[in-house]
Amino acid sequence: MKTSMKPVVFVPRDSGALSLGAEDVARAIAGEGAGRGVDLTLVRNGSRGLYWLEPMVEVVADGRRIAYGPVDAESVPGLFEAGFLDGRPHDLCLGPTDEIALLKKQERLTFARVGVIDPVSLDDYLAHGGYEGLARAARLGAEQVVTEVMDSGLRGRGGAGFPCAIKLRTVMQTAADQKYVVCNADEGDSGTFADRMIMEGDPFVLIEGMTIAALCAGATRGYIYLRSEYPHCARTLKAAIAAARARGYLGKNVLDTGRQFDLEVRVGAGSYICGEETAMLESLEGRRGMVRYKPPVPAVCGLFGKPTVINNVLTLATLPIILARGGAFYKNYGVGRSRGTQPIQLAGNVKRPGLFEKAFGVTLREMVYEYGGGTASGRPVRAVQVGGPLGAYFPQSMLDVALDYEELAARDGLLGHGGIVVFDDTVNMAEMARYAMEFCALESCGKCTPCRIGSTRGVEVIDRIVGGQNQAANLLLLRELCDTMTNASLCALGGLTPLPVLSALKYFPQDFGLGDEAAGEVR
Amino acid sequence: MNTNGWDKASISAIAQELKDQPGALMVILRRIQDELGWIPQPSVPLIADALNLSRAEVHGVISFYHDFRDHPPGRHVLRLCRAESCQAMGAVALARHVKDRLGIDFGQTTADGRITLDAVYCLGNCACSPAITMDDDIYGRVSPAKIDKLLESLE
Ligand SMILES: Cc1cc2nc3c(=O)[nH]c(=O)nc-3n(C[C@H](O)[C@H](O)[C@H](O)COP(=O)(O)O)c2cc1C
Ligand code: SF4
Ligand code: FES
């Protein structure tokens with residue numbers, strides 16, 4: 001890079017970075033630059049996902065990105081003094097960004113551009129391989145697109161792990177005067193933030209993915225159902241949608257294919273159950289988020305009764321790279337029936353929390369210790385919850401499980417949306433079990449009794465066990481209650497709440513005031 | 001946000017503007033909630049008329065969603081995340097601290113109308129737990145001291 005060029009500084013606009021003061025840092029850099037008469041370009045990028053280093057500021061020196069972090073406003077004058085605009089050394093200097101060990105070890109496919117580009121610049125997106133997937137998809141035609149997605153092995157990243165290609169094909173083959181693509185951006189699971197990072201850091205990849213799905217399935221309208229807790233995503237998405245529309249990537253004649261597709265953002269209203277796909281459709285139709293009976297599946301009879309492709313943000317945002325590079329390229333990553341990569345989100349009590357995209361197969365232990373560096377508190381790890389509020393708690397002895405759909409299922413767990421929450425030895429697991437029941441009661445749509453009533457009974461029964469009242473009888477009652485919820489709930493909220501409850505009881509009976517034998521009976 | 005004053009004309013205008021949107025009821029309620037900070041009871045018949053729905057249907061939707069308030073909030077809305085990742089980083093103690101300091105529970109507003117305290121279940125900021133929002137701003141790795149400072153900075 002020529003020295004005469006304007007210095008470029010990247011300061012994330014990601015809401016995690018903002019929560020740690022990135023806005024103040026950006027303001028301080030602009031102010032300090034102006035004060036020194038330096039004309040610099042400030043780019044507000046997404047986050048690289050290394051949250052222990054946020055706010056992480058980057059500059060370009062000799063054509064290479066150099067990172068500094070964590071930066072606060074007070075350290076900005078010192079950075080200028082040290083010559084950070086030219087990538088010079090400073091206590092906060094992390095070296096070239098792409099050499100940061102925990103970034104380098106990742107396989108970034110879905111997240112290839114997140115943190116790299118200016119999220120609302122279509123030109124930047126295009127300069128980094130954007131819309132190559134759609135261009136190839138348009139050349140291949142719908143049938144071939146389904147084949148590529150089938151070959152990639154891509155499964156839904158929202159939790160259920162259903163093959164993406166089958167939904168696409170079903171909607172494609174179902175004749176109708178109107179079809180829809182709905183993006184599930186409700187991301188309600190605690191410990192997850194990958195969807196948010198995509199929408200804030202690379203919204204065009206989601207728009208491109210939805211467009212690929214739409215052209216393949218024959219849909220002309222799309223909705224992104226976004227949770228209301230993500231106002232920054234709403235702003236970035238709306239800006240990106242407007243930019244795509246202005247340049248013919250959305251609208252009446254997408255990329256001169258003669259095909260129509262447009263989409264809009266719909267903001268939810270704080271309901272976890274609206275992440276369940278049929279409740280989401282009800283909500284989009286303007287009603288209470290009550291779960292629908294299936295069949296019919298949404299692919300046949302979905303939004304407003306029309307065939308609907310409904311997928312998670314990550315699933316849709318992975319279509320562009322699959323179409324650009326081919327199904328075989330994507331399938332090369334991963335293990336067994338879990339193909340490709342999983343953006344793993346590491347949170348809770350962990351020294352290095354963040355987003356790490358890895359090929360399937362990495363173990364929970366590697367994530368918690370090698371990536372996470374153990375607990376933030378420095379105390380021993382006691383329990384790890386995988387897969388959000390409906391996922392199991394694992395003790396130390398089970399951390400060698402590989403993070404893939406089948407391995408976790410074999411241990412009464414689930415991958416869910418790929419979130420991992422670490423707890424140190426101060427956690428009380430009876431309280432976590434109680435919380436799981438409480439959360440289910442709070443968020444139940446109320447359609448079926450086991451979930452609506454059972455969850456409230458569950459809280460009471462756990463309280464009695466912990467209180468030492470008639471423990472044997474109450475344990476039996478809790479087991480029966482969990483059985484009923486598992487077997488007789490319409491959806492996974494009631495159906496899977498027993499996973500965190502029973503795993504807490506199985507692995508941590510002492511927290512319930514029980515001996516090991518008593519807990520053994522529960523299984 | 002937090003405009004406690006409202007009038008029927010502006011609510012009718014919102015309903016009229018959005019009534020032809022697919023799934024209009026949610027769009028209208030969302031807009032009213034965003035603009036006023038709550039959904040005044042007299043909007044129910046106005047919306048019901050505009051959409052040709054029963055009042056019970058409109059009311060049923062309002063009551064289903066946690067975001068829709070039937071009372072005006074305080075001048076500031078403080079939301080504390082209560083979900084698992086934040087619990088692992090001390091959210092329970094943080095909540096106790098805030099409740100003691102403000103003398104209110106979740107879902108309540110201080111007597112002087114200054115602050116409404118709400119529980120929220122994940123802000124997607126779990127890598128910076130415990131997380132909170134104050135009005136439109138998000139904060140991570142929040143300690144009791146940090147929250148005290150924030151509360152003191154408010155009018
Ligand atoms: C209670 C409940 C909550 C859910 N929340 C979400 C969510 O926040 N985001 C999501 O993508 N899927 C969620 N799902 C899964 C969806 O129902 C559905 O499987 C998913 O949107 C399908 O997309 P995919 O195949 O791309 O994963 C939830 C399911 C249940 C039962
Ligand atoms: S399990 Fe719960 S949330 Fe799911 S349909 Fe039944 S009542 Fe509704
Ligand atoms: S659990 Fe608190 S922000 Fe996600």
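As the structure is a prediction and not an experimental result, all values here were calculated from the model.

### Brief notes about the site of ligand 2
Argument step 1. In the neighbourhood of ligand 2, 13 residues make up the surrounding shell, with Cys445(A), Lys447(A), Cys448(A), Cys451(A) and Cys491(A) lying closest.
Argument step 2. A breakdown of the residues in the shell around ligand 2 according to their chemical character gives eight nonpolar, four polar and one charged.

### What to know about the pairing of strand 6 (residues 180-185) of chain A
All names here are of chain A.
Argument step 1. Taken across its six residues, strand 6 has six buried, putting it largely inside the fold.
Argument step 2. Because side chains alternate across strand 6, one face comprises the buried residues Tyr-180, Val-182 and Asn-184, and the other comprises Val-181, Cys-183 and Ala-185, equally buried.
Argument step 3. With six bridges joining them, strand 6 and strand 7 (residues 221-226) adopt parallel strand pairing. Bridge assignment links Tyr-180 to a residue of strand 7, and that residue is Arg-221.

### Overview of the environment of Glu208(A)
Residue and element names in this part refer to chain A.
Argument step 1. Turning to its location among the elements, Glu-208 is positioned in helix 10 (residues 203-217).
Argument step 2. Among the residues examined, Glu-208 registers a relative accessible area of 1% and is labelled buried.
Argument step 3. Sequence separation of Glu-208 and Phe-356 is 148 residues, and the distance between their C-alpha atoms is 23 Å.
Argument step 4. Here Glu-208 is in contact with Tyr-125, Gly-130, Tyr-131, Glu-132, Gly-133, Leu-134 and Pro-320, once residues within four sequence places are set aside.
Argument step 5. Of the polar contacts made by the side chain of Glu-208, one reaches the backbone nitrogen of Tyr-131; its length is 2.8 Å.

### Regarding the site of ligand 1
Residues and elements named next belong to chain A.
Argument step 1. As a matter of local geometry, ligand 1 sits amid 20 residues, with Gly-158, Asn-184, Asn-311, Asn-312 and Thr-315 nearest to it.
Argument step 2. Between ligand 1 and Asn-311, the relevant distance is 2.8 Å, taken from an oxygen atom to a side-chain nitrogen or oxygen of the residue.
Argument step 3. The separation between an oxygen atom of ligand 1 and a polar side-chain atom of Thr-315 is 2.7 Å.
Argument step 4. Contact with the protein chains hides 92% of the accessible area of ligand 1, taken as 610 Å² for the molecule alone.
Argument step 5. Looking at the shell around ligand 1, the elements that each hand over two or more residues are strand 9 (308-312) and helix 20 (492-496).

### Points about the domain arrangement of chain A
Residue and element names in this part refer to chain A.
Argument step 1. Each domain of chain A was delimited in the assignment, giving domain 1 (8-104), domain 2 (122-331), domain 3 (341-424) and domain 4 (429-522).
Argument step 2. On a C-alpha basis, the centroid separation for the pair domain 1 and domain 2 is 33 Å.
Argument step 3. If you look at the interface, domain 1 gives 10 residues, while domain 2 gives seven residues.
Argument step 4. Summed over both sides, the interface between domain 1 and domain 2 buries roughly 590 Å², with carbon and sulfur atoms accounting for 55% of that surface.

### Considerations on the sheet that holds strand 1 (residues 76-81) of chain B
Residue and element names in this part refer to chain B.
Argument step 1. The strand order 2-3-1-4-5 describes an open sheet built from five strands, whose pairing is mixed. In this open sheet, the two edge strands, each paired with only one partner strand, are strand 2 (108-109) and strand 5 (137-139).
Argument step 2. The sheet contacts of helix 6 (residues 91-102) involve strand 1, strand 3 (115-120) and strand 4 (132-134), and relative to strand 1 the element is tilted by about 150°.
Argument step 3. Sheet strands touched by helix 7 (residues 144-152): strand 1, strand 3, strand 4 and strand 5. Its angle to strand 4, the strand with the most contacts, is close to 10°.

### Considering the domain arrangement of chain B
Argument step 1. According to the domain assignment, chain B contains domain 1 (8-64) and domain 2 (76-153).
Argument step 2. Computed from C-alpha coordinates alone, the two centres of domain 1 of chain B and domain 2 of chain B are separated by 30 Å.

### Side note on the sheet that holds strand 7 of chain A
Within a sheet, adjacent strands bond to each other through the backbone by hydrogen bonds, running parallel or antiparallel.
All names here are of chain A.
Argument step 1. In space, the four strands of this open sheet follow the order 8-7-6-9, with parallel pairing throughout. Two strands close off the open sheet at either side, each with one partner strand: strand 8 (262-267) and strand 9. Each neighbouring strand pair of the sheet contributes to a mean axis angle of 20°, computed without reference to strand direction.
Argument step 2. Seen against the sheet, helix 11 (residues 231-246) touches strand 7 and strand 8 and runs at an angle of roughly 165° to strand 8.
Argument step 3. Along the sheet, helix 13 (residues 313-325) makes contact with strand 6 and strand 9, crossing strand 9 at roughly 100°.

### Description of the packing of helix 19 (residues 471-488) of chain A against helix 21 (residues 498-507) of chain A
Residues and elements named next belong to chain A.
Argument step 1. Where helix 19 meets helix 21, the axes come as close as 10 Å, and the angle between the chain directions of the two elements is 150°. Comparing their axes, helix 21 and helix 19 come out roughly antiparallel. Crossing of helix 19 against helix 21: the hand is left-handed. Residue-level contacts link Leu-475, Leu-478, Cys-482, Met-485 and Thr-486 of helix 19 to Pro-498, Val-501, Leu-502 and Leu-505 of helix 21.
Argument step 2. Within the contact of helix 19 with helix 21, the residues separate by chemical class into eight nonpolar, one polar and no charged.

### With respect to the packing of helix 6 (residues 132-140) of chain A against helix 13 of chain A
Residues and elements named next belong to chain A.
Argument step 1. The geometry of helix 6 relative to helix 13 is characterised by a closest axis approach of 7 Å and an angle of 60° between their N-to-C directions. Of the possible angle classes, the one that applies to helix 6 and helix 13 is oblique. Judged by the sense of rotation from one axis to the other, the crossing of helix 6 with helix 13 is left-handed. Side by side, helix 6 and helix 13 meet where Glu-132, Gly-133, Arg-136, Ala-137 and Leu-140 of the first sit next to Pro-320, Ile-322, Leu-323 and Ala-324 of the second.
Argument step 2. Residue composition of the contact of helix 6 with helix 13, grouped by class: six nonpolar, one polar and two charged.

### Examining the pattern of salt bridges
Residues and elements named next belong to chain A.
Argument step 1. Inspection of every chain in the model, using the stated rule, returns 47 salt bridges over all chains.
Argument step 2. When the shortest N-O distance is used, the salt bridge between Arg-155 and Glu-406 registers 3.3 Å. Of the two residues, Arg-155 sits in the loop between helix 7 (142-152) and helix 8 (164-173) while Glu-406 sits in helix 16 (residues 405-409), which places them 251 residues apart along the sequence.
Argument step 3. Salt bridges sharing common partners tie together Arg-64, Asp-98, Glu-99 and Lys-104.

The rules behind these values
Residues numbered from 1 in each chain as written. Chains lettered and ligands numbered in written order. Predicted model: local features only at pLDDT ≥ 70, side-chain atom pairs only at ≥ 80, totals over all residues. Heavy atoms only, no water. Near = heavy atom within 4 Å. Nonpolar A, V, L, I, M, F, W, Y, C, P; charged D, E, K, R; others polar. Buried < 20%, exposed > 50% of the residue type's maximum accessible area, 1.4 Å probe, protein only. Helix = DSSP H or I, 4+ residues; strand = E, 2+ residues; numbered from the N terminus. Pairing = 2+ DSSP bridges. Contact = heavy atoms within 4.5 Å. Polar contact = N/O pair within 3.5 Å; in protein donor to acceptor, adjacent residues only side chain to side chain. Areas by Shrake-Rupley, 256 points an atom, 1.4 Å probe, with all protein chains shown as cover. Domains from an automatic or database assignment. Buried area = accessible area lost by both parts, 1.4 Å probe. Axes fitted to C-alpha atoms, helices over the stretch in contact; angles between N-to-C directions. Parallel < 35°, antiparallel > 145°, perpendicular 65-115°, else oblique. Left-handed = near helix turned anticlockwise from the far one by under 90°. Salt bridge = Lys/Arg side-chain N within 4 Å of Asp/Glu carboxyl O.

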